[in-house]
Amino acid sequence: MDCEQEMRTGALAWLCGILLLQQLPTQPALFSLIFFPVLLLGLYRARSSILRLLAWAGAGFLWALFYTLLLAPIPLANELVGKDLQVEGYVASLPEIQAEITRFKFDVVKVIVPSTAKLSHTLRLSWRLPPATVLHPGDYWRLTVRLKPPHNFHNPGGFDHQAWLYEQGIGATGYVRNATGTLRVAEAGWVYPVQCIRAVLRERIRQALAEQPYRRVVIALVLGEQAGLNGSDWRLLRTTGTAHLLAISGLHISLLAGLCFILARWGWSCSYRLTQRLAAPRAAALIALVVAVGYSALAGFSIPTQRSCVMLCLGFMALFFGRPIRASDLLALALLVLLGWDPFAVVTSGFWLSFVAVAIIFYVLVGHSHYKHSLWRNALWMQVCISVGLIPLLVMLFEQVPVYSPLVNLIAAPLVTYLIVPLLMAGTGLLFLWSSAGQTVLLAGCGLLELLWRLLGWFDQLPYATLGFPSPTWLSVVLALLGLGLMVLPRGIPARWLGLLPLLALFFPAVKLPAAREAYLTLLDVGQGLSIVVQTQQHLLVFDTGPKFSDQFNTGEAVIAPFLRHNGYSRIDRLIISHADNDHLGGAEGLSKQLAVLSVLSSVPQRLPWTVAERCEAGQAWTWDGVRFEIVHPWAVDYRNKTKENNLSCVLRISSGSHVLLLTGDIEAAAEQQLLERSRGLLAADIVVVPHHGSLTSSTAAFVQAVHPRYALFATGQFNRFGFPRAAVVERYYRVNAQLLNTANEGAIRVWLRPEVPVEAPQTYRATQQRFWHPP
């Protein structure tokens, strides 16, 4: 194996070693750093190629472990959770302003109260700013904060927010209290120069485009600052396959660096004296390298930006020293450098999409370089190859594929790259030289953005804009990538059609569904709220949808829809909204935008204007695939008596054979007493989702005794401010020998209901998917 080939395969082995570490539920001991280097040295000196690759993989594993032990954020001590802490430090990022809340990174310099507390260097804080208070990067503040450990919704198919925070070096999140002692100690300096420059640019753009509806998109394109994009923006970009265009992508940086290289080479060549000191190509390479690094810094150094910047720097350095470098070697070196700098970049989807997309481009360019076609035909072929080549990753990461992506990108990519971005960059620069001219150029860019958004909206309205698939395995993704590689080989290679076969495993994975008369119940982790998914052989029911936190975030879109797509569902046969509290209803509208909802039951149909809902009443019943569903509360008289909303919660009884599930919403003692009087014979259940999250207002002793569950499931949020579940309620369920599980500790909880088999112990998501960055 020659050196170049070993570097390419070694880079992949290095990546595999890092991935191996990140699959571990607990962090390996420190002594590993002492013991394993000796073993790795022995393996690397071996003649066997396989042993040398094992050495590369081990080196990646050890480097990631060293990075973790040295630079990992300090966990927040339990005794500090929810307590007032006074800290001093710097605003370390560009503040993200959403409605009335401002979010930012805060680098702690000193803990004042309590002085003995140990905190992670970097916190992520939110602040409802007092009037006339403005945050700037580099400001030195004394703040009173309340913190909690990084938290995640632990559900199949969900986004690992804790992994993202870990990769960012954030050890705790929290909010600022507007308490006595909060003050700006020093105005913004140049401790964070890049962030200061970004803040100035953002403010200039905001002032120039004060009345423009696409101002948020301009800021995203110029600065890579995407906090202003709302949920509708991201949904539109995902369904059209154009999300990469709204980031500072490698193409944008390469275009700017290439343009600077051409201009610098031409300008340098015009001076005889300069060319005598340094050849024009070498000087232009240095200038373009500086521009690439500077632009990447202004764009926030996202993972795709880092990848592009590293590749450009390596390419320009090779040009400067007159050392030719192959595309595959360039990509391998970029992989090694990026993972050397940040091994945990692999937890981001941007890392995978960026590297795989560039690998596809290089593969197609090399394999088809000898064919001469028109520019448009080549461009269309490249877009098709990129779109099709990314399908395995898109299915694995997002469980959906944008159907019209090749055609959309054929129009949108040149429009954004060659017209919109240059106009916006030129306009931003002119704001500092000739403000009115800069504003005019920015407005021209906004006009093109409006045309682009209308185009994307038109494609989004077409039928089958996206196709959803169940989540595949890693093996099926690797096989699919190999199959696609075979399919795009040059003409003349025989049996290229065989590459279609591995795709079958990707698009038709084995999904475990209930048999006839069986049901699967999954109590999802939605924080302090409730959402339950019930699957039968051919039907799907969702009971409550968790909370809505803001216009940009609700658990219907962020938790439930990904879970359903993960399991291969594209529609909901029945949605039940038990009552009107936000922690039960908040995600409903967002969920309906993601999946088709065929029917809706609710105790508050008037609170669901986006659909036609039927009122739930005792006596309503239906049977799906041999499983019986029955509403046992409320009764019609309860609506006439204007009963308290919590006590109007729809209560659903699910039975298969002799086994029973009871879903209770937020009923309180009065509704429990009514159930005991009206339907005592229907209350006994193998599994109960505990009423009102374990509040003292519910789960009376008589009700718990009548239900007498084998398993009692609590749906609560970690460190919730209500103290749920209350100790007295927990004790009542222990008295009937129930086994208790809580989503705050276990993540999603799944139960199987089989008529001929005793109820099995529930399975919990965290038991199988625990990672060492997840706090216990």
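**Focus: the pairing of strand β16 (residues 574-577)**
Burial along β16 is two-sided: Arg574 and Ile576 facing one way and Leu575 and Ile577 facing the other are all buried. Pairing analysis gives 3 bridges linking strand β12 (residues 540-543) to β16, with the strands arranged parallel. Looking at β16, one finds that leucine 541 is bridged to arginine 574. Here β16 pairs with strand β18 (residues 600-602) via 3 bridges, running parallel. Note that in β18 the partner of leucine 575 across the bridge is valine 600.

**Side note on the state of the cysteines**
Applying the stated criterion across every chain, the model contains 1 disulfide. The disulfide bridge from cysteine 616 ends at cysteine 650, spanning 2.1 Å between sulfur atoms. One quick way to see it: the torsion about the S-S bond of cysteine 616 and cysteine 650 is about -85 degrees, and its sign makes the bridge left-handed. Separated by 34 residues along the polypeptide, cysteine 616 in the loop between β19 (614-615) and β20 (621-624) and cysteine 650 in the loop between α23 (636-640) and β22 (651-656) bring together distant segments of the chain. One exposure class covers both cysteine 616 and cysteine 650, and it is buried.

**Things to note about the sheet that holds strand β10 (residues 519-523)**
Read across the open sheet, the 8 strands follow the order β19-β18-β16-β12-β11-β10-β27-β28; overall the sheet is mixed. Looking at which strands have only one partner, the edges of the open sheet turn out to be β19 and β28 (763-764). The pairing of strand β27 (residues 749-753) with β28 spans 2 bridges and is antiparallel. Considered in β28, the bridge of arginine 750 is made with glutamine 763. Across the face of the sheet, helix α20 (residues 555-566) comes into contact with β10, β11 (532-535), β12 and β27 while running at roughly 165 degrees to β12.

**Overview of the environment of threonine 9**
Residue placement: threonine 9 occurs in helix α1 (residues 3-21). The spatial distance from the C-alpha of threonine 9 to the C-alpha of glycine 438 is 48 Å, given a sequence separation of 429 residues.

The rules behind the values
Residues numbered from 1 in each chain as written. Predicted model: local features only at pLDDT ≥ 70, side-chain atom pairs only at ≥ 80, totals over all residues. Heavy atoms only, no water. Buried < 20%, exposed > 50% of the residue type's maximum accessible area, 1.4 Å probe, protein only. Helix = DSSP H or I, 4+ residues; strand = E, 2+ residues; numbered from the N terminus. Pairing = 2+ DSSP bridges. Disulfide = S-S within 2.5 Å. Contact = heavy atoms within 4.5 Å. Axes fitted to C-alpha atoms, helices over the stretch in contact; angles between N-to-C directions.

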